[in-house]
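Working through the structure, step by step
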Amino acid sequence: MDNAGLLTYLSERRLEVDRLLHSYLPGPKSDPPLLHEAMRYSLFAGGKRIRPILCIASCEAVGGRSVLALPFASAIELIHTYSLVHDDLPAMDDDAYRRGKLTNHKMFGESTAILVGDALLTAAFTMMAEKGLASTISPKKILRVMLELGSASGSTGMVGGQLNDIEAQGKEDLTLEKLKRIHTHKTGVLIRASVRIGGILGGAGPKKRSQLTCFGEKIGLAFQIADDVLDVEGEEKKLGKPVGQDESKGRCTYPALMGVSRAKKEAIVLVEEALTEIKSFGPEADPIRQIALFIIDREK
Ligand code: GRG
């Protein structure tokens, strides 16, 4: 798969995810219209859909059909969007722009934005249960997937990582080990879960599941390092949000700790290691290989 092939793959999969989310969520005029309009505002603001696409591509990488993974992949995007809406709130990062648009609370007010996050998180689990029940997937597998996503998103995963991140802000003595833990939890676990869920739904055996887990862990960390680097070197127009925020907010990042060029090298090494983990996979794993490379070579 070359670069043009990857771009086509990404846009086709993005469309599938968007279509399902559009049809699943209550329409913008459904009661209460303010909430549904605000949920749709952030959900369809132009995100890359990397997590759901990784989930679908991981399902395919182990020989599964993408249609099986699609509803669960879309649920992951609901959780990701909720985390962004809550992360932008005044009590957290207090950001005004996201995905090139005003943040949810700037558009709809703080209390609506809190509820948008709550509703998106809840919708993720409702969607998995509803679409899972309507599918041919075994109830046990559906529960395993829901457990995977619940634990990755909660207090021992993404939410816990967010708290660790808040606690670490402005601290001078943050070690690389502690920073890695924050990045792994705040960002990495949801990416790892996306890959693992795809593998579970695709019917991966224990060996492939464990290889996918290592792959997901490494690209998850690489993704956050790339995000840190983009905050230093990226273009505001392409990113859809101001750059230099990490430094101005006193956040500890890979570039702050080791410099941009070492941080970039670190991300490259992680992706190389990730690719080695899935070396034995066939050509059906080419999309996840290409996505891994894209993660450290993106402009937004
Ligand atoms: C539970 C409030 C709460 C937060 C959880 C994930 C998270 C922690 C906060 C989001 C803030 C943030 C910038 C986290 C780092 C993860 C990250 C790089 C998010 C942006 O993801 P992309 O690049 O965004 O996939 P798009 O817009 O493409 O979906």
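Structure first, text after, so check above.
In this report, the structure presented in the accompanying data block is examined. This one's a predicted model, so the numbers in the text were calculated from it and none came from an experiment. Within each chain, residues carry numbers counting from 1 in the order of the written sequence. Predicted model: local features are reported for residues with pLDDT of at least 70 only, side-chain atom pairs are reported and counted for 80 or more only, and whole-chain, interface and lining totals are derived from all residues. Hydrogens and water molecules were not included; the side-chain quantities draw on all heavy atoms of the structure.

**Focus: the state of the cysteines**
- Two cysteine sulfurs form what is called a disulfide whenever their separation falls within 2.5 Å. Considering all chains together, one arrives at zero disulfides under this definition.
- Between Cys-214, a cysteine without a disulfide, and Cys-55, which holds the nearest cysteine sulfur, the sulfur-to-sulfur distance is 18 Å.
- The class of Cys-214 is partly exposed, set by a relative accessible area of 30%. Exposure categories follow from relative accessible area, calculated using a 1.4 Å probe and restricted to protein chains: below 20% of the type maximum is buried, above 50% is exposed, and the middle band is partly exposed.

**Focus: the environment of Pro-255**
- Helix and strand definitions here come from DSSP, where helices need a minimum of 4 consecutive H or I residues and strands a minimum of 2 consecutive E residues; each element is numbered from the N-terminal end. Within the secondary structure, Pro-255 is located in helix 13 (residues 254-258).
- Residue class for Pro-255 comes out buried when judged on its relative accessible area of 9%.
- Taking the C-alpha atoms as reference points, Pro-255 and Ala-75, separated by 180 residues in sequence, lie 32 Å from one another.
- Only heavy atoms matter for contacts: two residues are in contact if any of them lie within 4.5 Å across the pair. In contact with Pro-255, not counting residues within four places along its chain, are Asp-228, Val-229, Val-232, Val-260 and Ala-263.

**With respect to unusual backbone geometry**
- Residue Asp-31 is joined to Pro-32 through a cis peptide bond whose omega torsion reads -5°.
- Summarising the element assignment, Pro-32 is placed in the loop between helix 1 (3-24) and helix 2 (33-43).
- Unusually for a residue other than glycine, Arg-49 sits at a positive phi of about 65°.
- Looking at where Arg-49 falls in the secondary structure, it is placed in the loop between helix 2 and helix 3 (50-61).
- On the basis of relative accessibility, which here comes to 2%, the residue Arg-49 falls in the buried class.

**Regarding helix 4 (residues 66-87)**
- Multiplying 1.5 Å by the residue count of a helix minus one yields the expected span of that helix. Under the 1.5 Å per step criterion, the end-to-end length of helix 4 is 30 Å for 22 residues, consistent within 8% with the ideal 32 Å.
- The element helix 4 is extensively covered by neighbouring structure, given that 20 of its 22 residues are classed as buried.

**A look at the pattern of salt bridges**
- When a carboxyl oxygen of Asp or Glu lies within 4 Å of a side-chain nitrogen of Lys or Arg, that pair is called a salt bridge. Enumeration according to the criterion identifies 18 salt bridges in this entry.
- Here Lys-218 makes a salt bridge to Glu-273, at a shortest N to O gap of 2.9 Å. Of the two residues, Lys-218 sits in helix 10 (residues 206-233) while Glu-273 sits in helix 14 (residues 260-277), which places them 55 residues apart along the sequence.
- Lys-218 gets classed as partly exposed once you look at its relative accessible area, which sits at 22%.
- Its salt-bridge partner being Arg-289, residue Asp-286 comes within 2.8 Å of it at the nearest N-O pair. Of the two residues, Asp-286 and Arg-289 both sit in helix 15 (residues 286-295), three residues apart, roughly one turn of that helix.

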